[in-house]
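One letter stands for each residue in the lines below.
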Amino acid sequence: MADASIMPMASEYSDRIDFYESRAEFLQYRREFKESNRADQIALQRRFGPKLYQFELTHKAVEKKLRDLRKQKKALYDDKVIDSMVRWRRLQAIAEAEEKLFDEYNRRFAEVKP
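Residues numbered from 1 in each chain as written. Predicted model: local features only at pLDDT ≥ 70, side-chain atom pairs only at ≥ 80, totals over all residues. Heavy atoms only, no water.

Caption draft 1: Main features of the side chain of E56. In this fold, E56 is placed in helix α3 (residues 51-78). When near neighbours in sequence (up to four residues on either side) are disregarded, E56 contacts F26 and R30. (Helix = DSSP H or I, 4+ residues; strand = E, 2+ residues; numbered from the N terminus. Contact = heavy atoms within 4.5 Å.)

Now the structure itself:
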């Protein structure tokens, strides 16, 4: 039987799923905006308000931090000489940092979501 201390909790999966759904929704909105003519862009701006455009900064910051964490995770897996307990502790810290980013993104998107 698997050790419960290393298995993600249901809420962790939920946060991650919510993150990817929110991210997809934001990217779809952004794509629609960029592909629209100017009149439609103005209508979208009125519909969604300025907060959604401010969310772009959060989106970019979280994406960059997640990319950096993925690079760190890959480096840990590629490191063949690191002690397994050290690797495990660092992977746990990365997982916790990811969860905080998922939570932040989800919370901020919920605040601006139309």
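From this point, things continue past the structure.
Caption draft 2: Representation of the environment of K74 within the structure. With respect to the helices and strands, K74 occurs in helix α3. Separated by 17 residues in sequence, K74 and L91 place their C-alpha atoms 9.9 Å apart.

Caption draft 3: The arrangement of the packing of aromatic side chains in detail. One pass over the full model with this rule turns up 8 aromatic pairs. One aromatic cluster in this structure is built from F19, Y20, F26, F55, F102, Y105 and F109. (Phe/Tyr/Trp six-rings, centres within 6.5 Å; stacked < 30°, edge-to-face > 60°.)

Caption draft 4: Inspection of helix α2 (residues 38-48) at higher detail. Those residues of α2 that fall on the buried side of the exposure criterion are Q41, L44 and F48. Projected down its long axis, α2 carries its buried residues within an arc of 60 degrees, all on one side. Seen from the buried face of α2, the exposed residues on the opposite side, beyond 90 degrees, are A39 and R46. You can read the cap of α2 off the contacts: a side-chain oxygen lies 3.1 Å from the backbone nitrogen of A39, and it is on N37. G49 occupies a position one or two residues after α2 and carries a positive phi of about 80 degrees. (Buried < 20%, exposed > 50% of the residue type's maximum accessible area, 1.4 Å probe, protein only. Arc of directions from axis to C-beta. Polar contact = N/O pair within 3.5 Å; in protein donor to acceptor, adjacent residues only side chain to side chain.)

Caption draft 5: Up close: the nonpolar core. If you look at the biggest cluster of nonpolar residues, it comprises 21 residues, and the most contacted ones within it are F26 and L52. Of all the secondary-structure elements, those providing two or more residues to this core are α1 (10-35), α2, α3 and α4 (84-112). The element best represented in this core is α4, accounting for 7 residues. Other than its neighbours up to four places away in sequence, F26 contacts L52, F55, E56, H59, Y105 and F109. (Core = buried A, V, L, I, M, F, W, Y, C linked by side-chain atoms within 4.5 Å.)

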